[in-house]
Amino acid sequence: DDPREHRIHSERYAVRPETLEACAAARRVVAVGTTSVRALESAASLGRNEGRTTLFIHRPYQWKVVDLLMTNFHLPRTTLLMMIDAFVGERWRVLYREAIEQRYRFLSFGDAMVLERRLSERHAGRVETWGRDGAARTGVAHAARGSYRTPCFMPVGTRGAIKYLSAADYER
């Protein structure tokens, strides 16, 4: 079976007009979660700020809004992993290999990752994991614009708190 033939579930979405305007004016747009991606890309693709969408994002999807994505690690053979593949290409395999080797947690209350769509293969990014600080992983993430200390990779939701990484922190 061709997974691209899958009839994806519909999902209700609503994106305020001022949000789309801010996205259009932004240097980069960061979506937190695949549902946010689907809402933003649906609004841009369909020209409607709200409604139901059956947008199935997979290769060779032409991205309209989202530049960076913070999401959990998704299971194989899922439409969510197909979206990740459309977003970063084959680089997801390197990231997932690291996640498996480092025993990251998958699914909704697992570890999260930040993906940058426009990275070249040369700057695919890598993570040096130093260890754990409680449940959070500490280390250094290397990206196209430089390196930054984490704890970006942490069990989201399991401790009831998410540490904030500002745009300035990410730029550094």
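Below is a summary of the structure that appears in this document. Quick caveat: nothing in here was measured; it's all calculated off a predicted structure.

Each value, and the rule that gives it
Residues numbered from 1 in each chain as written. Predicted model: local features only at pLDDT ≥ 70, side-chain atom pairs only at ≥ 80, totals over all residues. Heavy atoms only, no water. Helix = DSSP H or I, 4+ residues; strand = E, 2+ residues; numbered from the N terminus. Buried < 20%, exposed > 50% of the residue type's maximum accessible area, 1.4 Å probe, protein only. Contact = heavy atoms within 4.5 Å. Areas by Shrake-Rupley, 256 points an atom, 1.4 Å probe, with all protein chains shown as cover. Core = buried A, V, L, I, M, F, W, Y, C linked by side-chain atoms within 4.5 Å. Phe/Tyr/Trp six-rings, centres within 6.5 Å; stacked < 30°, edge-to-face > 60°. Pairing = 2+ DSSP bridges. Axes fitted to C-alpha atoms, helices over the stretch in contact; angles between N-to-C directions.

What the protein contains, in helices and strands, is five helices and eight strands. Sequence-ordered secondary structure for the protein, helices as α and strands as β, is β-α-β-α-β-β-α-α-β-β-β-β-α. Looking at the 172 residues of the protein, the share that counts as buried comes to 43%. Counted over contacts in the protein with a minimum sequence separation of 6, partners at least 24 positions apart contribute 63%. When the accessible surface of the protein is split by element, carbon and sulfur atoms take 52% of a total near 10400 Å².

With that out of the way, let us pick up helix H3 (residues 79-88). Within H3, eight of the ten residues are buried, leaving the element largely enclosed by the surrounding structure. For H3, the full list of buried residues reads Leu81, Met82, Met83, Ile84, Asp85, Ala86, Phe87 and Val88. Taken together, the buried residues of H3 touch helix H2 (34-46), strand S4 (68-72), helix H4 (91-101) and strand S5 (112-116). Following H3 by one or two positions, Gly89 adopts a phi angle in the positive range, close to 70°.

A word on the nonpolar core. Counting 30 residues, the largest nonpolar core has Val37, Leu40, Ile57 and Trp63 as the members making the most contacts within it. Elements represented by at least two residues in this core include exactly helix H1 (17-25), H2, H3, H4 and S5. Contacts of Leu40, omitting those with residues within four sequence positions, involve Val15, Thr19, Leu20, Cys23, Val29, Ala31, Val65 and Val66.

As a further point, take the packing of aromatic side chains. Within this structure, the stated rule accounts for five aromatic pairs. With a centroid separation of 5.6 Å and 65° between ring planes, the pair formed by Phe73 and Tyr104 is classed as edge-to-face. Pair noted here: Phe73 is in the loop between S4 and H3 and Tyr104 is in the loop between H4 and S5, with a separation of 31 residues, a long-range link. In this pair, the class of Phe73 matches that of Tyr104, namely buried. Between Trp92 and Tyr96 the ring centres are 5.4 Å apart and the planes differ by 85°, which places this aromatic pair in the edge-to-face class. Here Trp92 and its partner Tyr96 are both found in helix H4, four residues apart, which amounts to about one turn of the helix. In this pair, the class of Trp92 matches that of Tyr96, namely buried. Through a chain of ring-to-ring contacts, three or more aromatic side chains come together here, namely Phe73, Trp92, Tyr96 and Tyr104.

The next subject is unusual backbone geometry. Here Arg59 and Pro60 are connected by a cis peptide whose omega angle stands at 5°. Relative to the helices and strands, Pro60 is located in the loop between strand S3 (50-53) and S4. If you check the backbone angles, Arg103 has positive phi at about 60° while not being a glycine. Here Arg103 shows up in the loop between H4 and S5. Owing to a relative accessible area of 67%, Arg103 belongs among the exposed residues under this scheme.

Structurally, Thr35 can be placed in helix H2. On the basis of relative accessibility, which here comes to 46%, the residue Thr35 falls in the partly exposed class. Spatially, the C-alpha atom of Thr35 lies 8.5 Å from that of Tyr13, the residues being 22 residues apart in sequence.

Side chains Glu11 and Tyr13 of strand S1 (residues 11-14) all project onto a buried face; the interleaved residues Arg12 and Ala14 project onto a face where none is buried. Where S1 and S3 come together, four bridges link them in antiparallel fashion. Along S3, the bridge assignment pairs Glu11 with Thr53.

A separate point is the sheet that holds S4. Strand order in the open sheet formed by three strands is S2-S4-S5, with mixed pairing between adjacent strands. Edge strands, defined here as strands with exactly one partner in the open sheet, are strand S2 (30-32) and S5. In this sheet, neighbouring strand axes are inclined to one another by 20° on average, regardless of whether the strands run parallel or antiparallel. Alignment of S2 against S4, held across three bridges, turns out to be parallel.

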